[in-house]
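Next come the chains, spelled out residue by residue.
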Amino acid sequence: MTQSLHPAAEKGFGAAAALYQQVRPDYPAEISIWLQQLNLGPQDALLDLGAGTGKFLPYLKPISACITAVEPVPAMLQQLRQAHPDINTVQAFSSQIPVPDHSIRAVFCAQSFHWFADRATLAEIQRILQPHGYLVLIWNQRDINTDWVKALADILLPLEGSTPRYHSGLWQKAFEQQPWFTLHQETAFRQLHRGTVEQVVSKRLLSTSFIAAMPEAQQQTLKLQFEQTVFELTGKQAQDEIEFPYTTHVYVFQKTAEK
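Residues numbered from 1 in each chain as written. Predicted model: local features only at pLDDT ≥ 70, side-chain atom pairs only at ≥ 80, totals over all residues. Heavy atoms only, no water.

Enquirer: Which residues make up helix α9 (residues 216-234), and what values do they have?
Expert: Side chains that are three or four residues apart share a direction in an α-helix, a result of its 3.6 residues per turn. Spanning 19 residues, α9 covers 27 Å between terminal C-alpha atoms, matching the ideal 27 Å at 1.5 Å per step. Those residues of α9 not exposed but buried are Gln219, Leu222, Lys223, Phe226, Glu227, Thr229 and Val230. Looking down the long axis of α9, one finds its buried residues gathered within 155° of arc, a one-sided arrangement. Along α9, the residues that are exposed and aim more than 90 degrees away from the buried face are Ala217, Thr221, Leu224 and Glu232. Those residues of α9 that are buried are in contact with α6 (147-156), α7 (197-206), α8 (209-212) and β7 (241-255). Just past α9, the residue Gly235 takes up positive phi, approximately 80°. (Helix = DSSP H or I, 4+ residues; strand = E, 2+ residues; numbered from the N terminus. Expected span 1.5 Å × (residues − 1). Buried < 20%, exposed > 50% of the residue type's maximum accessible area, 1.4 Å probe, protein only. Arc of directions from axis to C-beta. Contact = heavy atoms within 4.5 Å.)

Below, the structure written as structure tokens:
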């Protein structure tokens, strides 16, 4: 079966790649320390799969000099190349990664695996990983234990449609009844994305795939709705500073021994 992009990813990320790079949060600094336990070294080949605009690459560069970034959306890849001209990049799908068998020590999917969580992808990652190599999945998830964040999530939920999302948990089904990977470890970190309401709330939500794929007028209506919701619950206006709480989830799967 030929892999294809979900329409929300193709249209939304194609249109909003620059916005994505500008407004998406980074990852917690603690994640770099935590990843040291994988004992990856400067000569280990690492692969960032579904790399987007390269938001996770700053956490990989201190680990190794041998990094390949794989991304199927041309506009996202263009942003990545501008931000990280030193990184080897490939435009490809997760089911057809153009690297040799058993050549990669660890594959990282930051904010991406839910888009291609299927058996074909796992089979391909298994092919390229070295024996006992790692598949590391990372997601920044909005913390809905905060009232205004939960209110925003309630606005987004009916707009999602069929768009793959981390919080649906459907990505976990890819690991059911497959022989290649076992869950090695998981953890979570908390972080705050600081900036103006417009920057870290409304514009960040406009970078969400299925919203970025909407007509401009509809996006602007939603932007005002997001900002009004925050104002009603916090008293903060668009240009006021705010801290957007996130939980960063990390899952480390290890390639099982081949028989």
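Enquirer: Can you lay out the nonpolar core for me, pointing to particular residues and giving the numbers?
Expert: The biggest cluster of nonpolar side chains holds 28 residues, and the ones touching the most others in it are Val107, Phe113, Leu135, Leu137 and Phe175. Of all the secondary-structure elements, those providing two or more residues to this core are β1 (45-49), β4 (104-110), α5 (119-128), β5 (129-142) and β7. It is β5 that provides the largest number of residues to this core, a total of 4 residues. The contact partners of Phe113, leaving out residues within four places of it in the chain, are Thr121, Leu122, Leu137, Trp139, Trp171, Ala174 and Phe175. (Core = buried A, V, L, I, M, F, W, Y, C linked by side-chain atoms within 4.5 Å.)

Enquirer: Describe empty space enclosed by the protein, listing the residues and the values that go with them.
Expert: In total, this model carries 1 cavity of 30 Å³ or more according to the counting rule given. Taken as a whole, the largest cavity encloses approximately 60 Å³ of empty space. (1 Å grid on protein atoms, 1.4 Å probe; cavity = no way out; pocket = protein on both sides within 12 Å on 5 of 7 lines; lining within 4 Å. Points joined across faces, edges and corners; volume = space filled by probe spheres on them.)

Enquirer: Just give me the short version of the pattern of salt bridges, but keep the residues and values in it.
Expert: Opposite charge on two side chains makes pairing possible when the charged atoms of those side chains draw close. In total, this model carries 10 salt bridges according to the counting rule given. Its salt-bridge partner being Glu124, residue Arg127 comes within 2.9 Å of it at the nearest N-O pair. Within this pair, Arg127 and its partner Glu124 are both found in helix α5, separated by 3 residues, close to a single helical turn. Among the residues examined, Arg127 registers a relative accessible area of 22% and is labelled partly exposed. A salt bridge links Lys150 to Asp154, with the nearest nitrogen and oxygen atoms 2.8 Å apart. Taken together, the residues span about one helical turn, with Lys150 and Asp154 both in helix α6 at a distance of 4 residues. For Lys150, a relative accessible area of 35% puts it in the partly exposed group. Through salt bridges that share partners, Asp101, Glu124 and Arg127 make up one connected network. (Salt bridge = Lys/Arg side-chain N within 4 Å of Asp/Glu carboxyl O.)

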